[in-house]
Amino acid sequence: MATIGTTLAGLLAIPLAIMAARNTTPGLILYVPTRWLLDALRGIDSFVFALIFVAAVGLGPFAGVLGIGLHTAGSMAKLWSEAIEATAPEPIDAVRMTGARRLKIISYALVPDVLPALASITLYMWEFNVRSSTVLGVVGAGGIGQELKNSVDLLLFPRLLTILLIILVMVTVIDQLSAWLRRRLV
């Protein structure tokens with residue numbers, strides 16, 4: 001759930017981050033509504049989104065993926081847009097002066113500059129979503145959280161301990177992978 005939800009969030013966050021950053025938005029008419037949308041997505045927790053999606057699409061991990069995806073898209077796009085706004089304008093201006101169009105400017109001047117920050121934010125969100133997905137099982141959104149809840153309900157404490165260890169190992173592995181990738185990107 002966390003991996004697919006984070007992937008969905010990343011796909012949604014790409015255009016949202018571009019529209020929510022002052023230096024890349026096509027116009028202020030898109031900037032303000034996009035910022036409001038990001039505030040709304042971040043303001044509604046993935047737990048609440050999962051509850052809504054359980055009612056809409058039924059029990060199971062799909063509701064959890066949608067809940068994680070929407071909430072994380074708002075957070076990820078906000079952080080990405082701030083990273084985009086913090087870039088130095090000189091490389092962008094240099095590529096613009098060559099007569100390059102908007103897509104080329106973003107691809108060749110902006111992306112290389114912000115890629116380490118974007119990757120770091122994405123990996124952090126993935127790690128956060130692994131932890132978050134454990135809670136979503138409680139509301140019927142499936143995943144490892146559902147197994148955690150079943151173990152508690154049935155008083156299967158050895159199984160509960162195993163599930164908790166799996167969650168801790170996953171978070172630790174993701175954290176180590178994140179650190180390794182950040183070193184490689186810088």
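In this report, the structure presented in the accompanying data block is examined. (Residues numbered from 1 in each chain as written. Predicted model: local features only at pLDDT ≥ 70, side-chain atom pairs only at ≥ 80, totals over all residues. Heavy atoms only, no water.)

## Some words on helix α2 (residues 28-43)
Cut-off, in case you're wondering: Comment: elements are numbered from the N terminus, with helices defined as DSSP H or I runs of at least four residues and strands as E runs of at least two. One less than the number of residues in a helix, times 1.5 Å, gives the span that helix is expected to have. Accessibility here uses a 1.4 Å probe with only protein chains present; expressed as a share of the type maximum, an area under 20% marks a residue as buried, one over 50% as exposed, and anything in between as partly exposed. Within this analysis, the arc is defined by the directions that extend from the helix axis to the C-beta atoms. Any two residues having at least one pair of non-hydrogen atoms within 4.5 Å are treated as being in contact.
In a regular helix each residue adds 1.5 Å, so 16 residues correspond to 22 Å; α2 covers 22 Å between its end C-alpha atoms and thus fits that length. Where α2 is concerned, the buried positions are Tyr 31, Thr 34, Arg 35, Leu 38 and Leu 41. Within α2, the buried residues cover an arc of 125° as seen down the axis, which keeps them to one side. Residues of α2 that are exposed and point over 90 degrees away from its buried face: Ile 29, Trp 36 and Gly 43. Packed against the buried residues of α2 are α1 (2-20), α3 (46-57) and α4 (61-85).

## Re a nonpolar patch on the surface
Threshold: Here the term patch refers to residues with relative accessible area over 30% and no salt bridge, with like charges joined within 9 Å and nonpolar side chains (Val, Leu, Ile, Met, Phe, Trp, Tyr) within 5 Å. Computed by Shrake-Rupley with a 1.4 Å probe, the accessible areas treat only the displayed protein chains as cover when residues are assessed. Here, a salt bridge means any Lys or Arg side-chain nitrogen found within 4 Å of an Asp or Glu carboxyl oxygen.
Taken together, the side chains of Ile 44, Val 48 and Ile 52 present a nonpolar region at the surface, about 220 Å² in accessible area. As for its position among the elements, Ile 52 is in helix α3. Owing to a relative accessible area of 46%, Ile 52 belongs among the partly exposed residues under this scheme.

## What to know about the nonpolar core
One broad rule of soluble globular proteins: the nonpolar side chains tend to lie buried together. Note the cut-off: To define a nonpolar core, start from buried Ala, Val, Leu, Ile, Met, Phe, Trp, Tyr and Cys residues and group those joined through side-chain atoms within 4.5 Å.
Counting 29 residues, the largest nonpolar core has Met 76, Ala 77, Trp 80 and Leu 110 as its most contacted members. At the level of secondary structure, the elements contributing two or more residues to this core comprise α1, α2, α3, α4, α5 (89-97) and α6 (102-136). In contact with Met 76, not counting residues within four places along its chain, are Thr 6, Ala 9, Gly 10, Ala 13, Ile 121, Thr 122 and Met 125. Counting 6 residues, the second largest nonpolar core, distinct from the first, contains Ala 2, Trp 126, Val 171 and Ile 174.

## Concerning the side chain of Thr 24
Mapped onto the secondary structure, Thr 24 falls in the loop between α1 and α2. Setting aside its immediate chain neighbours within four residues, Thr 24 contacts Ala 17, Ile 18, Ile 84, Arg 102 and Leu 110.

## Describing α3
The end-to-end C-alpha distance of α3, which contains 12 residues, comes to 15 Å, matching closely the 16 Å that a straight helix rising 1.5 Å per residue would cover. Residues Ser 46, Phe 49, Ala 50, Phe 53 and Val 54 constitute the buried set of α3. The buried side chains of α3 occupy one side of the element, clustering within an arc of 140° when seen end-on. Each element contacted by the buried residues of α3 is listed here: α2, α4 and α6. Gly 58 sits one or two residues past α3 and shows a positive phi near 95°.

## Quick word on the packing of α2 against α4
Going by this rule: Each axis is a line fitted through C-alpha atoms, taken for helices only over the stretch in contact, and angles between the N-to-C directions span 0 to 180 degrees. Comment on the angle field: the value is read as roughly parallel under 35 degrees, roughly antiparallel over 145, roughly perpendicular from 65 to 115, and oblique elsewhere. Take the far helix as your reference; a near helix turned counterclockwise from it by less than a right angle gives a left-handed crossing, and one turned clockwise gives a right-handed crossing. Residues were grouped as follows: Ala, Val, Leu, Ile, Met, Phe, Trp, Tyr, Cys and Pro as nonpolar; Asp, Glu, Lys and Arg as charged; and all remaining residues, including Gly, as polar.
One way to put it is that α2 packs onto α4 with a least axis distance of 7 Å and a crossing angle of 135°. Between α2 and α4, the angle is such that the two are oblique. The element α2 and its partner α4 pack so that their crossing is left-handed. From α2, Tyr 31, Arg 35, Leu 38, Leu 41 and Arg 42 reach across to α4, where they touch Leu 70, His 71, Ala 73, Gly 74, Ser 75, Ala 77, Lys 78, Ser 81 and Glu 85. Of the residues in the contact of α2 with α4, the class split is 6 nonpolar, 4 polar and 4 charged.

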